[in-house]
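What follows is the residue order along each chain.
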Amino acid sequence: MDCIFCKIANKEIPSTLLYEDEQIVAFNDNAPQAPTHVLIVPHQHIVTINDFGKQHSTLIGHMILTATQLAKDLSLAEDGYRLVWNCNRQGGQAVYHIHLHLLGGRNMHWPPG
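Described in the following lines is the structure provided in the data block. (Residues numbered from 1 in each chain as written. Predicted model: local features only at pLDDT ≥ 70, side-chain atom pairs only at ≥ 80, totals over all residues. Heavy atoms only, no water.)

**Overview of the side chain of Thr48**
Thought 1: By the secondary structure assignment, Thr48 is in the loop between strand 3 (36-42) and helix 2 (57-73).
Thought 2: Discounting chain neighbours no more than four positions away, the residues touching Thr48 are Cys87, Asn88, Gln93, Tyr96 and Ile98. (Helix = DSSP H or I, 4+ residues; strand = E, 2+ residues; numbered from the N terminus. Contact = heavy atoms within 4.5 Å.)

**A closer look at the packing of aromatic side chains**
Thought 1: Per the stated rule, a full pass over the model turns up two aromatic pairs.
Thought 2: Ring plane angle 70° and centroid distance 5.7 Å describe the contact between Phe5 and Phe27, whose orientation is recorded as edge-to-face. Of this pair, Phe5 sits in helix 1 (residues 4-9) while Phe27 sits in strand 2 (residues 24-28), placing them 22 residues apart in sequence. Each member of the pair Phe5 and Phe27 is classed as buried.
Thought 3: Look at Phe52 and Trp85: their rings are 5.7 Å apart centre to centre, the planes differ by 85°, and that puts the pair in the edge-to-face class. In this pair, Phe52 is assigned in the loop between strand 3 and helix 2 and Trp85 in strand 4 (residues 81-85), connecting sequence segments 33 residues apart. (Phe/Tyr/Trp six-rings, centres within 6.5 Å; stacked < 30°, edge-to-face > 60°. Buried < 20%, exposed > 50% of the residue type's maximum accessible area, 1.4 Å probe, protein only.)

**Observations concerning the nonpolar core**
Thought 1: If you look at the biggest cluster of nonpolar residues, it comprises 15 residues, and the most contacted ones within it are Val38, Ile40, Met63, Leu70 and Leu102.
Thought 2: Sorting the residues of this core by element identifies strand 2, strand 3, helix 2 and strand 5 (100-104) as the ones contributing at least two each.
Thought 3: Counting residues per element, this core draws most heavily on helix 2, which supplies five residues.
Thought 4: Ignoring sequence-local partners within four residues, the contact set of Leu70 consists of Leu18, Tyr19, Ala26, Val38, Ile40 and Leu102.
Thought 5: Core analysis: the second largest hydrophobic core is formed by nine residues, Cys3, Cys6, Ala9 and Val25 among them. (Core = buried A, V, L, I, M, F, W, Y, C linked by side-chain atoms within 4.5 Å.)

**Thoughts on the sheet that holds strand 1 (residues 17-20)**
Thought 1: Strand order in the open sheet made by the five strands is 1-2-3-5-4, with antiparallel pairing throughout. With one partner strand each, in any of the chains shown, strand 1 and strand 4 form the two edges of the open sheet. Neighbour-to-neighbour, the strand axes of this sheet turn through a mean angle of 20°, independent of strand direction.
Thought 2: Pairing analysis gives five bridges linking strand 2 to strand 3, with the strands arranged antiparallel. In the strand pairing of strand 3, Ile24 is matched with Pro42. (Pairing = 2+ DSSP bridges. Axes fitted to C-alpha atoms, helices over the stretch in contact; angles between N-to-C directions.)

Below is the structure:
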């Protein structure tokens, strides 16, 4: 498989991990859209959020809880931050391996682009 996120999660591509456990890794986005832009990525290759099923409920919760803990650790929680899932081309998904974006460090505008 030629998935960049699988390669990062499997440590085939060097990356500075901000968090890692048996289910997920977190690292800075290489094309940040905010001063803080972290990606939370599961080790398991799941193509889009359309591919989530009930069996992924624990993983989804774990990703969100990890993002909120990272927001606290990165001093974003008090001022605020945004969590984003993108799905497919029109939804802005660029890498077809699910990932949760944690964005912070600036005012977030609404509606998003």
